[in-house]
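# Topology and contacts: notes
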2 protein chains.
Amino acid sequence: MLNWEDIFATRSSRMKASEIRELLKLLDRPDIISFAGGIPDPALFPDEEFKAAYADIFSGSAVNAALQYSVSEGYKPLREWLTGEMGKLGITCSADNVFIVSGSQQGLDYLGKLFLSPGDTALVTWPTYLGALQAFNAYEPNYDKLALSGNRTPESYRKTAQEAGGKVKFAYLSADFANPTGETVDRAGRERLIDLADELDIAIIEDAAYQSLRFDGEAIPPILALEIARKGDINATRTIYCGSFSKTLAPGLRIGYVVANADIIRKLVLMKQAADLHSSTINQMAIAHVTERGFDAQVKKIKAAYSKRRDAMLAALAKYMPESVRWTKPEGGMFIWVTLPEGMDGATLLAKAIETKKVAFVPGKAFHADGSGANTLRISFSCADEKTIDEGISRLGALIREELA
Amino acid sequence: MLNWEDIFATRSSRMKASEIRELLKLLDRPDIISFAGGIPDPALFPDEEFKAAYADIFSGSAVNAALQYSVSEGYKPLREWLTGEMGKLGITCSADNVFIVSGSQQGLDYLGKLFLSPGDTALVTWPTYLGALQAFNAYEPNYDKLALSGNRTPESYRKTAQEAGGKVKFAYLSADFANPTGETVDRAGRERLIDLADELDIAIIEDAAYQSLRFDGEAIPPILALEIARKGDINATRTIYCGSFSKTLAPGLRIGYVVANADIIRKLVLMKQAADLHSSTINQMAIAHVTERGFDAQVKKIKAAYSKRRDAMLAALAKYMPESVRWTKPEGGMFIWVTLPEGMDGATLLAKAIETKKVAFVPGKAFHADGSGANTLRISFSCADEKTIDEGISRLGALIREELA
């Protein structure tokens, strides 16, 4: 009687509270320097621009439309603005290829829902974005490790999927300044991924959440752009591009987008109609208003601030970390990935770091679909000033040295 | 190669474009009188109140919070305001029992996701809300007809579910002025439903989208309130209450709520964290702002307008319809349900109505999980003035008389 577990769907057993997330909830304490968050710095939000956007909506004739139900595919002017932006990246498309979602996280959830039956296989990198694993888990997949180099054959992916009771359905990855590693997949790696997907006849889910936050180095075309260049038309491609306004403008409005083959978009629109009808009309209008009046300037402002913080964090790591610790050198985004000496445990280190050093980060194990990566951790430079970054990394370096001693 | 159907999940075969919806898309033509929509009248939106809400958010210290990520369970002040509102309905609860969703449609989607494995059974009325069927379809259930009177035994539901390859998981219904029928389940029917759910050990999903729009007659406590009265504590209940601001304030913000046993809420919060993180922060704040400053006055205004339109529609039906046509007499909401003589087809009638009489409605078949109900139709009085209602029903009555002649 009222034993809910007996009547929940089988998928519910894969929806668990994360211990790490529970621990990190406690970190609103002002005495702790936290590199754990993966959130944008609110001081950089274009709040004046949003204020003007909402005020304009309520002063004009669009107010009734802003408050009313709207179409599941999204607000047309925003979709049209996005076709222009996509064009600049080599993704030639029309509004029929653009679908508005309530944050790119929703795009990942919908794509899991569209492709995965229980037992099907999703290819993901080790490590990968934790939120993608959480979104896909609801559809009860098996995970296999996506290798972008080395000599793993397409046949071996097929075989592993078959043994797990399903088919390979897609490869998911973040190609630019990935969460959690900060790393970028080079052009050759992207081309090899398209080859692999063609060979396996699967989709590619390209998570572009951080793509516009490149501080230096040369931009590499999105996987979708490379595939369009190869095949001549977005409607002949298999790459599904998930974009976000959460890192460039503001996450609180929950507006993101998916750009893909029109066959996929039509299916996603039907799915959204059934799942939540449409994303907030007024927020889509506000985003459209702000993008049309100065998106590039806003992105420039954010990149200037974050790149200084990235520099400060890399300098501090070089200054304070013992030689046995390694880390990535991201060309953009929000994250640096740290590898501790083999045998050292990130979760144990976090407990000590909070207690004895008042500094926090995210242990890396949660980002691994197979539970490996115990000796890794993710640190974010997005929300701390340079001085705080130096102080926090100095504390973390001291703790690691103590642990090694 | 790029035969997407081969790699979509099995559920995708149940996501189809509705022919009716495609037809009704054409109805933005000003020369057609449409009773097809189920949307609120935008002239009744509290736009001045929303204008003030957004302006206040941007003038105060909450602006950074409004634009930032927030917790998956929802904005605390709004959840707390809702506990007070729920208390007035006999639903004694705390903020731990309240969860904010992106429209109550999302609540239905999440509940389907939480309970239904493929082949499980959902009990629904014949007819029922089309959007609920669409939301649940993604989880590949079987449907069985929920009978609130008569002598169907609990055992017979169990047996049918077993034959379909699963278990009965929940009964879904809208108890007040339901979409599409406008009908209300009486107190005895609600009590019998709780008995049945206890007997079957299943959940009840109470869709309360129209509950606050009662124009006359005596209010009946929500099913959840009756169950709390019986069992003493919301955390001992199995009824999950889905509420909406879309009919009372405005649908374009996509803010609704679920009120239930805290065990269920915790599970839904985890699900939302994985699916879209949280509902729009700024919109939750705006709704909280407006509710705290005059929710009751707004509801009163809407009810006054809609009840006049309901009266006009009932009067017109009595005036223009032939004797063989029957219809419901709703005490609130937005809809009247019309039953044509046996053998007459609502979809065929719609095509003729649009072409020859310039009047539209929704044929009733789509609301039936078993494809029955061909001789029914739904008409809405929410968006037309009294004169237009009289004219539109007069045209429809004339067409039906011609068909019968």
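Because the structure is a prediction, the values reported are computed rather than measured.

### Let's talk about the packing of aromatic side chains
Counted under the stated rule, the structure contains 31 aromatic pairs over all chains. Centroid distance A:Trp4 to A:Phe8: 6.2 Å. Interplanar angle 10°. Geometry classified as stacked. With relative accessibility at 6%, the residue A:Phe8 sits in the buried group. On the basis of an interplanar angle of 80° and a centroid distance of 5.2 Å, the ring pair of B:Trp81 and B:Phe295 is categorised as edge-to-face. Placement of the pair is B:Trp81 in helix 4 (residues 76-88) and B:Phe295 in helix 12 (residues 295-320), with a sequence separation of 214 residues.

### Section: the UniProt feature "domain: Aminotransferase class I/classII large" (unreviewed entry) in chain A
In the numbering used here, UniProt assigns the feature "domain: Aminotransferase class I/classII large" (unreviewed entry) to residues 66-396 of chain A. Helix makes up 43% of residues 66-396 of chain A and strand 15%, whereas the separation of the span's terminal C-alpha atoms amounts to 48 Å.

### Overview of the relation of the copies chain B and chain A
Between chain B and chain A, the superposition needs a rotation of 180° and an axial shift of 0.0 Å, giving an RMSD of 0.0 Å. The superposition operator between the copies reduces to a two-fold rotation axis. The share of interface residues of chain B whose copies in chain A are also at the interface is 100%, consistent with both copies meeting through the same surface.

### A word on the environment of B:Ser380
All names here are of chain B. With respect to the helices and strands, Ser 380 occurs in strand 13 (residues 376-380). Ignoring any residue separated from it by four or fewer positions in sequence, one finds Ser 380 in contact with Phe 35, Gly 37, Met 313, Met 334 and Phe 335. Separated by 3.1 Å, the side chains of Ser 380 and Ser 382 make a polar contact.

### Details of the interface of chain B and chain A
Of the residues lining the interface, 79 residues belong to chain B; the matching set on chain A comes to 79 residues. Summing the contributions of chain B and of chain A, the shared interface buries around 6,900 Å²; its carbon and sulfur component is 58%. Area buried by chain B at its contact with chain A is led by B:Trp4, B:Ile7 and B:Leu67, which between them contribute 10% of it. Our enumeration of links across chain B and chain A arrives at two salt bridges. Residues B:Asp109 and A:Lys113 are paired through a salt bridge, measuring 3.1 Å at the closest nitrogen-oxygen approach. For the pair chain B and chain A, the interface holds 43 residue pairs in polar contact (both at pLDDT 80 or more). Sorting the residues of the side of chain B that touches chain A by element identifies helix 2 (47-59), helix 3 (63-67), helix 5 (104-115), helix 6 (130-137), helix 10 (262-275) and helix 11 (281-292) of chain B as the ones contributing at least two each. A per-element tally of the side of chain B that touches chain A places helix 10 of chain B first, with eight residues.

The rules we used
- Residues numbered from 1 in each chain as written.
- Chains lettered and ligands numbered in written order.
- Predicted model: local features only at pLDDT ≥ 70, side-chain atom pairs only at ≥ 80, totals over all residues.
- Heavy atoms only, no water.
- Phe/Tyr/Trp six-rings, centres within 6.5 Å; stacked < 30°, edge-to-face > 60°.
- Buried < 20%, exposed > 50% of the residue type's maximum accessible area, 1.4 Å probe, protein only.
- Helix = DSSP H or I, 4+ residues; strand = E, 2+ residues; numbered from the N terminus.
- UniProt positions renumbered as here; feature names shortened; annotations may be inferred.
- Least-squares fit on C-alpha atoms with pLDDT ≥ 70 in both.
- Contact = heavy atoms within 4.5 Å.
- Polar contact = N/O pair within 3.5 Å; in protein donor to acceptor, adjacent residues only side chain to side chain.
- Buried area = accessible area lost by both parts, 1.4 Å probe.
- Salt bridge = Lys/Arg side-chain N within 4 Å of Asp/Glu carboxyl O.

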